[in-house]
Amino acid sequence: MKFPRTSGGFYAWLFQRLTGILLVILLIIHFAITHNFPKGGGVTYAAVAPRLATATWKVFDLTFLVCALFHGLNGVWMVVQDYVHSETAQTWIFYALCTLGLILLVLGAITVIPFKA
Amino acid sequence: MAEYIFRIFRYDPEKDEGTKGRVQEYKIEVEKGWTVLDALNYIKWHVDGSLSYRRACRHGICGSCGMTINGKNTIACEQQVADLGTQVITVEPLRGFRVIKDLIVDMEPFYDKLYAIKPYLITYTPPPTDKERLQSPEDRKLLDGKYECILCACCTSSCPTYWADKEFLGPNALMKAARFVLDSRDEGWEERVNAIDDKHGVWRCHTIFNCVEACPKELNATRAIVELRRLMLKGRL
């Protein structure tokens, strides 16, 4: 069975699922380490800042950010595809969502990457 | 005998055009063992001959009498009145389709989606001389839960994604597509893929499961859609 053409939604569907799974894993790690779940407490600048300044944690947070942005905005895009019937409006909204995603990605990145404890 | 009130959606294109239709009540005595179709027949033959609905086999095979009964899609000939558990029964045409008259809806968009996936065996290699195209019992088993569809449209009509996107192939056409794609004798993938692998095709389903709940034959269209997706995933990775 050959799969000759590019998808009409294959990659959006695939990455929605992959980012969904990743988000659950990342959230568990985030709560376990940052929020000391299930005991709780310890979310102070002194406790959190040195960790946020490490390269590992920066990569973790950026992955978190990319997954959350893709998952959330792709979800909105799916709703838009269902309920906005004008092709022109859909195109505008698509680019608006891409721009929003890019802005939020840059905002997140400039918060995470240069952080020093 | 027990008395039931049937609240039936009525729409006469000559009188009700431009309106959303109306509801008419019929109070009738229902005999033990009657289905909703029996009750509709009684109303049509003895109370109000103007009531319109589709019916044919009365045995859950033709799929003609798909309608919404007490808010749930099913075929009227398989729905026992007593099993509904209410004395007031609401009967409406299938949602998501244009009403032609009373409980009769325009099924053309439904059939158009079905034709789009080419719902017939496509082969290019000739069959063994004077023989059938045989299947192993294992290959045949893959089609269970897919081939039994009677085209009543209860699934597609219950699908919120179809309500929102009338171009969506819908659970019925996608399940039919799976039925042929998974058939070991079929060679028509290339001809079907354009319709299936489309933004109005297999990726549009939001796995809401309404189709599974609605199917009077207890088929699982959502599972068939997932099987199609899995095939595409395996084919690409």
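Small disclaimer: the values here were computed from a predicted structure and weren't measured.

1. Re the pairing of strand β4 (residues 72–75) of chain B
Residues and elements named next belong to chain B. Relative to β4, strand β3 (residues 66–69) runs antiparallel, the two sharing 4 bridges. Bridge pairing links Gly-66 to Ile-75 in β4. Between the end of β3 and the start of β4, which pair antiparallel, lie 2 residues, with Asn-70 showing a positive phi angle near 50°.

2. A closer look at the sheet that holds strand β1 (residues 2–10) of chain B
Hydrogen bonds between backbone atoms are what pair the strands of a sheet, whose relative direction is either parallel or antiparallel. Residue and element names in this part refer to chain B. Strand order in the open sheet made by the 5 strands is β2-β1-β5-β3-β4, with mixed pairing throughout. Of all the strands in the sheet, just β2 (22–30) and β4 have a single pairing partner and so form its edges. Between one strand axis and the next, the sheet turns through 30° on average, direction left out of account. Both β3 and strand β5 (residues 88–92) contribute to a ladder of 2 bridges, which runs antiparallel. Paired with Ile-69 across the bridge in β5 is Val-91.

3. Side note on the confidence of the model for chain B
Keep in mind that low pLDDT regions are not for reading the predicted coordinates in detail. Across chain B, pLDDT averages 95, with 100% of residues at or above 70. Per the prediction output, this complex has pTM 0.88; the corresponding ipTM is 0.77.

4. So, the domain arrangement of chain B
Residues and elements named next belong to chain B. Taken domain by domain, chain B holds domain 1 (2–105) and domain 2 (108–236). With centres defined by C-alpha atoms, the gap from domain 1 to domain 2 works out at 29 Å. Each side of the interface is counted separately: domain 1 has 14 residues, and domain 2 has 14 residues. Here the side of domain 1 that touches domain 2 takes 4 residues from β4, the largest share from any one element. In terms of residue class, the side of domain 1 that touches domain 2 is made up of 5 nonpolar, 6 polar and 3 charged.

5. Things to note about the packing of helix α2 (residues 108–116) of chain B against helix α6 (residues 170–181) of chain B
Residue and element names in this part refer to chain B. Between α2 and α6, the shortest axis-to-axis distance is 9 Å and the interhelical angle comes to 25°. Considering the angle they form, α2 stands roughly parallel to α6. Crossing of α2 against α6: the hand is right-handed. On α6, the residues that touch Phe-110, Lys-113, Leu-114 and Ala-116 of α2 are Gly-170, Asn-172, Ala-173 and Lys-176. Of the residues belonging to the contact of α2 with α6, the class tally is 4 nonpolar, 2 polar and 2 charged.

6. Some points on the environment of Tyr95(A)
All names here are of chain A. Note that Tyr-95 resides in helix α4 (residues 87–112). Overall, Tyr-95 belongs to the exposed group, with 10 C-beta atoms counted inside 10 Å. On a C-alpha basis, the gap between Tyr-95 and Phe-64 in space is 22 Å, while along the polypeptide they are 31 residues apart.

About the cut-offs
- Residues numbered from 1 in each chain as written.
- Chains lettered and ligands numbered in written order.
- Predicted model: local features only at pLDDT ≥ 70, side-chain atom pairs only at ≥ 80, totals over all residues.
- Pairing = 2+ DSSP bridges.
- Helix = DSSP H or I, 4+ residues; strand = E, 2+ residues; numbered from the N terminus.
- Axes fitted to C-alpha atoms, helices over the stretch in contact; angles between N-to-C directions.
- pLDDT = per-residue confidence, 0-100.
- Domains from an automatic or database assignment.
- Contact = placed C-beta atoms within 7 Å.
- Nonpolar A, V, L, I, M, F, W, Y, C, P; charged D, E, K, R; others polar.
- Parallel < 35°, antiparallel > 145°, perpendicular 65-115°, else oblique.
- Left-handed = near helix turned anticlockwise from the far one by under 90°.
- Buried ≥ 20, exposed ≤ 12 C-beta atoms within 10 Å, placed from the backbone.

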